[in-house]
Structure formats: structure tokens, C-alpha cells
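Descriptive structure summary
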Amino acid sequence: MSSLLRLLMALVIGAGIAAGGFFVGGGLERFRMADRSVTIKGLAEQAVDSDHAVWVLGFRRAGPEFGAVQQALSADRERVLAFLRERGFTGEELEIRPLQVQDLYAREYAQGNQPLRFNGTGQVLVKSARVDAVEQAALALDPLIQAGIQIGTDNGMAGPRYQLRGFNDLKGPLLAEATRNAREQAEKFAAEAGARLGPLRSANQGVIRISGDDGSDFDDGRSRTKRLRVVSTFEYELR
């Protein structure tokens, strides 16, 4: 079969494949007849469990007297620390933040008729690779609440924030899977077009995106399970 005839057949077959949805479902990005090359996108996805947790356990008090608010916060902090130690957390996993008490009368444009003049907050941070222990502790706050401790939130976010610190260990295998996926698609297209897959001309590994396993497009730390996704682009020569 002459080279010209093979090129014409490849073009016809390529058009039929595109009409059948291969361009979308198979990852084909571009097929150029002029220089006999094909550009393919390879996809790889993986769901992994977080390997670290950061939990900001905040508490607050308010009252008409500075000293009373400060003493209440100190007592709350000791109860919070006792709770965490009973759950097995060590000193290396706990960070105590300084107590803060604000005089609402001292603020600009303050109104002098507020009955609770002083507003105080405190925080204890839990930083641990024992993700299970952090998750279970966050679900067992009833004793603290029953003791009258007003549990706060970290910038409006309640509960632990889950992290993936071993990301670099997962990066290599994920990119390798995207590469294999792209080559499989390129070989499939080449076979359908009556050609042979040649050497790799160029590659772009793309960016690995981390999202939560709750359907969100980004990782805000709430989801313990992380979903990794990468789309890599490769250009192969066809023969």
C-alpha cells in the first residue's frame, strides 16, 4: 500500500472515530496529518486517606468583669487539656495558645451599655499524625459542652482540618499512571488509523489537583479522604 493511500485511509478513519466520540472519551486532543503526529491526554485519579490532622479547639467566655472572664477561660483551658490527655494526646501533639480578653468599651465607636463588657477566647491546637484519634476526639465533645464550655470555631470552620503531607510519595506513581493511560490511548488510535505509534515528541505532566471526597473542586481540609487527579499531555509520532 502506498504512503499516500495509507495517509488518506488514516484521515477517513480518524474522522469516523471523532464522530463516534473518541475525541472526548479516549483522550485524543489533536491529530495532525501534516507531520504525522497525535496529541493525547492521559488521566490518572486516586483516592487517599489523610495522614495528618490539625484541630483548633477554641473556647470563649464573656462577662462584666475582666478577672472573672480570665479565670473562667483558665479553668476551661484546663478542662480542655484534661479531655485531650484522657484521649491519649501527648505534649508534643498539643499547642496552647495565650488567652485573650478584649474590653469592648475600649473599641472605637464602642457603646457603653453592653452588659458583657469583656469578651475572652482561648485555643488549644492538636497537631497529630494519628488521624483516627483526632477524628474520634472531635466527635466526643459532649462532656466539655455539658460542663458549660462554649466551644468555638476556627474562622467559622468547626472540626479538624485534614492534610496530606505524604503527597510527594504519591506524585510519582500518579504521573506514571497518567503516562500509561496516554500511551494506551495513543496506541489505540494508531491501530484504528492503520499506523504505528512512534517515539514521544513532547510531554507536559500537568498539575496534580487535590480535592475533597465530598464532591468539591478544591480541598478545604474538611474531607479526610483526598482525591488526587492529574491530566498529562503527550505528543507521539505516527509511522
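Provided above is the structure to which this section pertains.
Description of the structure in this document. (Residues numbered from 1 in each chain as written. Predicted model: local features only at pLDDT ≥ 70, side-chain atom pairs only at ≥ 80, totals over all residues. Heavy atoms only, no water.)

1. Regarding the overall build of the protein
The cut-off we apply is this: Only DSSP runs of H or I reaching four residues or more are called helices, and only runs of E reaching two or more are called strands; each is numbered from the N terminus. Only protein chains enter the accessibility calculation, which uses a 1.4 Å probe. A residue is then buried if its area is under 20% of the maximum for its type, exposed if over 50%, and partly exposed in between. Contact definition: two residues touch when any of their heavy atoms are within 4.5 Å. The protein chains shown are the only cover counted for residues, whose accessible areas, like all others here, come from Shrake-Rupley with a 1.4 Å probe.
If you tally the helices and strands in the protein, you get 6 helices and 11 strands. Per-residue burial over the protein gives 38% buried out of 239 residues. Contacts in the protein between residues far apart in sequence, at least 24 positions, make up 75% of those at least 6 positions apart. Of the accessible surface of the protein, which amounts to about 13,500 Å², a share of 50% is contributed by carbon and sulfur atoms.

2. Re the packing of aromatic side chains
Selection rule: Note on ring pairs: Phe, Tyr and Trp rings are taken, using the six-membered ring of Trp, and paired if centres are within 6.5 Å. Classes follow the plane angle, with under 30 degrees stacked, over 60 edge-to-face and the rest tilted.
Applying the stated criterion across every chain, the model contains 2 aromatic pairs. Look at Phe 66 and Phe 118: their rings are 5.7 Å apart centre to centre, the planes differ by 75°, and that puts the pair in the edge-to-face class. Taken together, the positions of Phe 66 in helix H3 (residues 66-86) and Phe 118 in strand S6 (residues 118-128) put the pair 52 residues apart, joining distant regions of the chain. Given a relative accessible area of 39%, Phe 66 falls into the partly exposed group.

3. Examining the pairing of S6
Heads up, the rule is: At least two DSSP bridges between two strands are required for those strands to pair.
Bridge count for strand S3 (residues 52-63) against S6 is 11 bridges, and the pairing is antiparallel. Across the sheet, residue Arg 61 finds its bridge partner in S6, namely Gly 120. Examined bridge by bridge, strand S4 (residues 94-96) and S6 share 3 bridges and lie antiparallel to one another. Across the sheet, residue Ile 96 finds its bridge partner in S6, namely Val 124. Here 4 bridges tie strand S5 (residues 100-103) to S6, and the two strands are oriented antiparallel to one another.

4. Details of the environment of Arg 165
This is how it is decided: In the analysis that follows, any N or O atom pair within 3.5 Å is treated as a polar contact, provided that within protein one partner can donate a hydrogen and the other can accept it, and provided that, for residues neighboring in sequence, both atoms belong to side chains.
Relative to the helices and strands, Arg 165 is located in the loop between strand S8 (161-163) and helix H6 (167-192). When the C-alpha atoms of Arg 165 and Ala 129 are compared, they prove to be 9.6 Å apart, with 36 residues separating the residues in sequence. Separated by 2.9 Å, the side chains of Arg 165 and Gln 163 make a polar contact.

5. Overview of the side chain of Arg 77
Heads up, the condition is: We treat Lys and Arg as the positive residues and Asp and Glu as the negative residues; His and chain ends play no part in the count. Should a side-chain nitrogen of Lys or Arg be within 4 Å of a carboxyl oxygen of Asp or Glu, the pair is scored as a salt bridge.
Mapped onto the elements, Arg 77 comes out in helix H3. Buried charge Arg 77 goes without a salt bridge, the closest partner of opposite sign being Glu 78 at 4.4 Å.

6. With respect to the nonpolar core
Quick reminder of the rule: What makes a nonpolar core is a set of buried Ala, Val, Leu, Ile, Met, Phe, Trp, Tyr and Cys residues whose side-chain atoms join them at distances within 4.5 Å.
Counting residues in each nonpolar core, the largest one holds 24 residues, and the members touching the most others are Trp 55, Leu 57, Val 80, Leu 84, Phe 89, Val 126 and Leu 144. Of all the secondary structure elements, the ones that give two or more residues to this core are S3, H3, S6 and helix H4 (131-138). Looking at which element gives the most residues to this core, the answer is H3, with 6 residues. Each residue touching Phe 89, except ones within four places of it in the same chain, is listed here: Leu 84, Leu 94, Val 126, Ser 128, Arg 130, Ala 133, Val 134 and Ala 137. Judged by nonpolar contacts, the second largest core, of 12 residues, contains Ala 190, Ala 193, Ala 195 and Phe 234.

Keep in mind that these numbers describe shape and distance, not what the molecule does.
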